[in-house]
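Each chain is listed here by its residues.
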Amino acid sequence: MSTTTFATALNRALADAIASDPDVLVFGEDVGVAGGVFRITDGLASTYGDDRCFDTPLAESGIIGFGVGLCMAGFRPVAEMQFDAFAYPAFEQITSHVAKMRNRTRGSVTVPMTIRIPFAGGIGGVEHHCDSSEAYYAATPGLKVVTPATVEDAYLLLRAAIDDPDPVVFMEPKRLYWSKADADLDDLSARWGSGSLTHDQVLGRAAVRRPASDLGRAATVVAYGPTLSVAMESAEAAREEGWDVEVVDVRSLVPFDDETVVASVRRTGRCLVLQEAQGFAGVGAEIAARVQERAFHSLAAPVLRVTGFDIPYPAPKLEHLHLPSVDRVLDALARLQWDDEPDPRHLAAAPSTKAGAR
């Protein structure tokens, strides 16, 4: 066990995948000699050769189209999109071909491609360098979408994505690249190599990161990727208000783990969904709907969301106002009807009782 960065865990996952499977190829813009903008592919080309990790032209659509052809030839490509918003030129390839190839060929052609996308804010990036694009991919049938929020998951989810027989959009929170935690990557690598850990055991599984014990004053906060750390900080701060917050890390947006999320909400009776992306039509709205459909009779209050605003990411000096914060989470928790009294902000205007009113 040693202190490891999120970026190191991703690098180790790529290295182990290349070493264990000759069909794994890693490519993208500046991923070879330079080791990538965030140094996630550092050392891979020099260690395994430029036929296993190599640079491509600055053409995202070409990168993904090339990956589809590699899949059809039996390879298992890992393509890097340098920044979240840079991936949009490849969107047609991803939605029309990567996502649909298995279906259009009746299963005779699969696309075991991993598309790595650094996403979300928190680094003060300028225009086109910070975006929360997960909803576009999650709304596309045929794609799996995952996002790690811990150092261990950076390794586990990336190994799982590469091993999966279907395409996986792997969303990497940029602000977490330099985060650190104790992790035994050698043990994880050995367990993966022995088969005691597999992609089926990892993908589609949420994790309870902080359980609640005082169920009389409890709420579930559902988070993923860059918002997990905010959820954990908020849970500690909520203690001072007398609330016991259970934090669920979604990990896998598609397929979604209804069982773990709903079981938590049924225990606590309240639910708050946290996401960095804009609120309208976001992944958080889907999660809120699924919770309401499956746990309605367990809810003591409406499911609430804390999200980014419905605007493009603001300039770096204003970004902190856009990103969900502990204060915003605590404010939302306070609206979860702790005294079993309806919150007037959630009530429609009462119908008139005057004579003749309809």
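Residues numbered from 1 in each chain as written. Predicted model: local features only at pLDDT ≥ 70, side-chain atom pairs only at ≥ 80, totals over all residues. Heavy atoms only, no water.

- If you look the protein chain up in an unreviewed UniProt entry, it shows as Alpha-ketoacid dehydrogenase subunit beta from Arsenicicoccus cauae.

1. As for the side chain of T140
Thinking step 1. With respect to the helices and strands, T140 occurs in the loop between α6 (134-138) and β6 (144-146).
Thinking step 2. A polar side-chain atom of T140 sits 2.9 Å from the main-chain carbonyl oxygen of Y136. (Helix = DSSP H or I, 4+ residues; strand = E, 2+ residues; numbered from the N terminus. Polar contact = N/O pair within 3.5 Å; in protein donor to acceptor, adjacent residues only side chain to side chain.)

2. Here's the deal with the domain arrangement of the protein chain
Thinking step 1. Each assigned domain of the protein chain is listed here: domain 1 (3-201) and domain 2 (207-335).
Thinking step 2. Here domain 1 and domain 2 have C-alpha centroids that lie 26 Å from each other.
Thinking step 3. Considering only the surface of domain 1 that becomes buried against domain 2, E134, T147 and R175 emerge as the three largest contributors, covering 25% of it.
Thinking step 4. Inspection of the domain 1/domain 2 interface yields three salt bridges. (Domains from an automatic or database assignment. Buried area = accessible area lost by both parts, 1.4 Å probe. Salt bridge = Lys/Arg side-chain N within 4 Å of Asp/Glu carboxyl O.)

3. Things to note about the packing of helix α1 (residues 6-20) against helix α8 (residues 185-194)
Thinking step 1. Here α1 crosses α8 at 30°, and the two axes come no closer than 11 Å. In terms of axis orientation, α1 runs roughly parallel to α8. As α1 runs across α8, the sense of the crossing is right-handed. Residues T8, A9, R12 and D16 of α1 form the contact with α8, whose participating residues are L185, D186 and S189.
Thinking step 2. Looking at the contact of α1 with α8 residue by residue, the class counts come to two nonpolar, two polar and three charged. (Axes fitted to C-alpha atoms, helices over the stretch in contact; angles between N-to-C directions. Parallel < 35°, antiparallel > 145°, perpendicular 65-115°, else oblique. Left-handed = near helix turned anticlockwise from the far one by under 90°. Contact = heavy atoms within 4.5 Å. Nonpolar A, V, L, I, M, F, W, Y, C, P; charged D, E, K, R; others polar.)

4. What to know about helix α4 (residues 91-98)
Thinking step 1. Among all positions of α4, only Q93, I94, T95 and V98 are buried.
Thinking step 2. Considering only its buried residues, α4 is in contact with α3 (60-72), α5 (101-104), β5 (114-119) and α6. (Buried < 20%, exposed > 50% of the residue type's maximum accessible area, 1.4 Å probe, protein only.)

5. Quick word on the environment of L157
Thinking step 1. Within the secondary structure, L157 is located in helix α7 (residues 151-163).
Thinking step 2. Beyond its immediate sequence surroundings of up to four residues, L157 is in contact with T147, P148, F170, V202, L203 and R251.

6. Quick look at the packing of α1 against α7
Thinking step 1. For the pair α1 and α7, interaxial distance at closest approach is 8 Å and the crossing angle is 30°. In this view, α1 runs roughly parallel relative to α7, as classed from their interaxial angle. Here the hand of the crossing between α1 and α7 comes out right-handed. Where α1 approaches α7, its residues F6, A9, L10, R12, A13, L14, D16, A17 and S20 are matched on the opposing element by V151, A154, Y155, L158, R159 and I162.
Thinking step 2. Looking at the contact of α1 with α7 residue by residue, the classes come out as eleven nonpolar, one polar and three charged.

7. Structural notes on the nonpolar core
Looking at soluble globular proteins, one finds that nonpolar side chains tend to be buried together.
Thinking step 1. Of all hydrophobic cores here, the largest spans 49 residues; its most connected members are I64, I117 and Y137.
Thinking step 2. Elements supplying a minimum of two residues to this core: β2 (24-28), α3, α4, β5, β7 (168-173), α11 (258-268), β13 (271-278) and α12 (283-295).
Thinking step 3. Looking at which domains feed residues into this core, each of domain 1 (3-201) and domain 2 (207-335) supplies at least three.
Thinking step 4. In this structure Y137 touches A87, F91, I94, I117, L143, V145, V169 and M171, once residues within four positions along its chain are discounted.
Thinking step 5. Residues V24, V26, F83 and F170 belong to the second largest nonpolar core, which totals 40 residues. (Core = buried A, V, L, I, M, F, W, Y, C linked by side-chain atoms within 4.5 Å.)

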